[in-house]
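Overview (structure and organization)
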Amino acid sequence: MTARRIVVKIGSSSLTRADGLLSIESMARLAAQIGALRHTDGAEVILVSSGAVAAGLGRLHWRPSEVTLREKQSAAAVGQGLLIDAYRDLFAVQDVEVAQVLLVRSDLEERRRYVHVRNTLSTLLRHGVLPIVNENDTVAVDEIRFGDNDTLAGLVALVADANLLLLLTDTDGFYDADPRTESSAQKIPDVWELTDSMAKMAGRAGSRVGTGGMRTKLEAARIAMDAGIDTVVVGSEEPDVLQRVLAGEPLGTTFHARRDPLPRKKLWMVHGSRPAGRLTLDAGAVDAVLERSASLLLPGITGISGAFRSGDVIELATLSGRVIGKGIVNCSSWDLKDWLARRKPGAAARELRVVHHREMSIEREGIRDAGIEA
Ligand code: GLU
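Residues numbered from 1 in each chain as written. Predicted model: local features only at pLDDT ≥ 70, side-chain atom pairs only at ≥ 80, totals over all residues. Heavy atoms only, no water.

Moving on, we get to the sheet that holds strand β4 (residues 130-135). With respect to topology, eight strands assemble into an open sheet ordered β3-β4-β2-β1-β5-β7-β8-β6, the strand pairing being mixed. Of all the strands in the sheet, just β3 (98-103) and β6 (190-191) have a single pairing partner and so form its edges. Relative to β4, strand β2 (residues 44-49) runs parallel, the two being bridged by two bridges. Among the inter-strand pairings, Leu47 is bridged to a residue of β4, identified as Ile132. (Pairing = 2+ DSSP bridges. Helix = DSSP H or I, 4+ residues; strand = E, 2+ residues; numbered from the N terminus.)

Our focus in this paragraph is the confidence of the model for the protein. Overall, the prediction assigns the protein a mean pLDDT of 84, with 85% of residues at 70 or greater. Of the regions scoring below 50 in pLDDT, residues 353-374 engages in 76 contacts with residues more than four places distant in sequence or in other chains. (pLDDT = per-residue confidence, 0-100. Contact = heavy atoms within 4.5 Å.)

This paragraph deals with the sheet that holds strand β9 (residues 277-281). The strands making up a sheet associate through backbone hydrogen bonding, with each pair oriented either parallel or antiparallel. Strand order in the open sheet made by the four strands is β11-β9-β12-β13, with mixed pairing throughout. Strand pairing shows two members of the sheet lacking a second neighbour, β11 (301-306) and β13 (323-328), which therefore form its edges. Each adjacent strand pair in this sheet contributes to an overall mean axis angle of 25 degrees, direction not counted. Looking at chain direction, β9 and β11 are connected through five bridges and run antiparallel. Looking across to β11, one finds that Thr280 is bridged to Gly303. Packed onto the sheet, helix α11 (residues 264-272) meets β12 (313-317) and β13 and runs at close to 135 degrees relative to β13. Along the sheet, helix α12 (residues 283-290) makes contact with β9, β12 and β13, crossing β9 at roughly 110 degrees. (Axes fitted to C-alpha atoms, helices over the stretch in contact; angles between N-to-C directions.)

Geometrically, a packed helix pair is captured by the angle between its two axes and the distance between the axes. In the contact formed by helix α2 (residues 24-39) and helix α4 (residues 69-93), the axes pass within 9 Å of each other and the chain directions differ by 50 degrees. The angle between the axes of α2 and α4 places the two elements in the oblique class. As α2 runs across α4, the sense of the crossing is right-handed. Here Ile24, Met27, Ala28, Leu30, Ala31 and Ile34 of α2 come into contact with α4, specifically with Leu83, Ala86, Tyr87, Leu90 and Phe91. For the contact of α2 with α4, a count of residues per class yields eleven nonpolar, no polar and no charged. (Parallel < 35°, antiparallel > 145°, perpendicular 65-115°, else oblique. Left-handed = near helix turned anticlockwise from the far one by under 90°. Nonpolar A, V, L, I, M, F, W, Y, C, P; charged D, E, K, R; others polar.)

What follows deals with helix α3 (residues 52-60). For the α-helix, the turn length of 3.6 residues means that residues three or four positions removed from each other point alike. Burial analysis of α3 places seven of its nine residues in the buried class, which makes it a mostly covered element. Turning to α3, its buried residues are Ala52, Val53, Ala54, Ala55, Gly56, Leu57 and Gly58. Those residues of α3 hidden inside the fold are in contact with α1 (12-15), α4 and β4. Positive backbone phi, at 60 degrees, marks His61, one or two positions downstream of α3. (Buried < 20%, exposed > 50% of the residue type's maximum accessible area, 1.4 Å probe, protein only.)

In this section: unusual backbone geometry. Positive phi, close to 60 degrees, is recorded for Asp95, a residue that is not glycine. Tracing the backbone through its elements, the reader meets Asp95 in the loop between α4 and β3. Phi at Asp240 takes a positive value of approximately 45 degrees, unusual for a residue other than glycine. You can see Asp240 is positioned in the loop between β7 (230-235) and α10 (241-246).

This part is about the pattern of salt bridges. Side-chain pairs of opposite charge can arise whenever the charged atoms involved come near each other. Overall, the coordinates contain 19 salt bridges when judged by the stated rule. Among the salt bridges present, the one from Arg63 reaches Glu66, with a minimum N-O distance of 3.5 Å. On the basis of relative accessible area, Arg63 is assigned to the exposed category, the value being 54%. One salt bridge connects Arg244 with Glu238, and the closest N-O pair in it is separated by 3.5 Å. Look at Arg244 and you get partly exposed, because its relative accessible area is 21%. By relative accessible area, Glu238 is classed as partly exposed at 27%. Through salt bridges with shared partners, one network takes in Asp107, Glu110, Arg112 and Arg113. (Salt bridge = Lys/Arg side-chain N within 4 Å of Asp/Glu carboxyl O.)

Take a look at the structure:
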């Protein structure tokens, strides 16, 4: 496996000891492996590290099961400092300078900030600095949260144009059932396409100290696969795991990237952006969008919610509220409501073109991709 730019994500459960404090031994092993990837394999690495909340809780002697959200956010403020201090010392031994990058969801939702994040990450990498990314848990509230570092890592891989995403965790790959509770669970070594049944297999449970679990790893893999980036979910305890995965050893589960990755701007629209509104479509229009990638005509729109302007990202939903895609509108919600209310002759001829639900773009001649210039 040749990878030039690698995003390595490690979860809280792999970084903390049973008493909740940071496991300096585990962090040192990781630092040594990342040091070797950079010096020996010449790879550029971005580390997405959890552990702030867990480390803070451990330091303050607060029990994870008893804390409020505010206390968790306060614990993150304590723990993030501890985490980065520990990394700075451990990476100094590897002769690697580190940088702390804290993000919230809205940093990637707005195209301009997304581009700034990309520029900063690539500048750090160009100067040989290792970015260590985490969610800014102290200020992140629901509306602006990634919620878990797997999704964050998937988006970081996308923003940074990585070639490989490595999700290090406390199980050694993706299983068809929960291996912690079902002895018959089988590991799936290779995944070429994500299916609904896999989402069911992944379940919801995460570890005691992290928030993810397999469900969020699939979400990260989905983002990476769309972007043409392979994802490997593998056990963090495996000796020399990073080097061995790169050497092509069949460890963990590899989620293979699609061969025809979506263009960059569409990737941002599909996975990064937050929709400003929603169009509800009747069955015929849903069909046209999903099955035939055909034009979306005004009469197929049965509902409009949110206030959006031309160039904004919106989502498309069925009558029952299932979201089938996203797109960029070429008119404002006010104009659209006006057209629909008046249903003037000719209104039906106005069209919002939708290109497939996974490449979700609503286009109209001349206004294509408005607002998302890189
Ligand atoms: N950002 C959280 C932390 O650093 C972890 C989120 C997760 O477990 O995915 O503690």
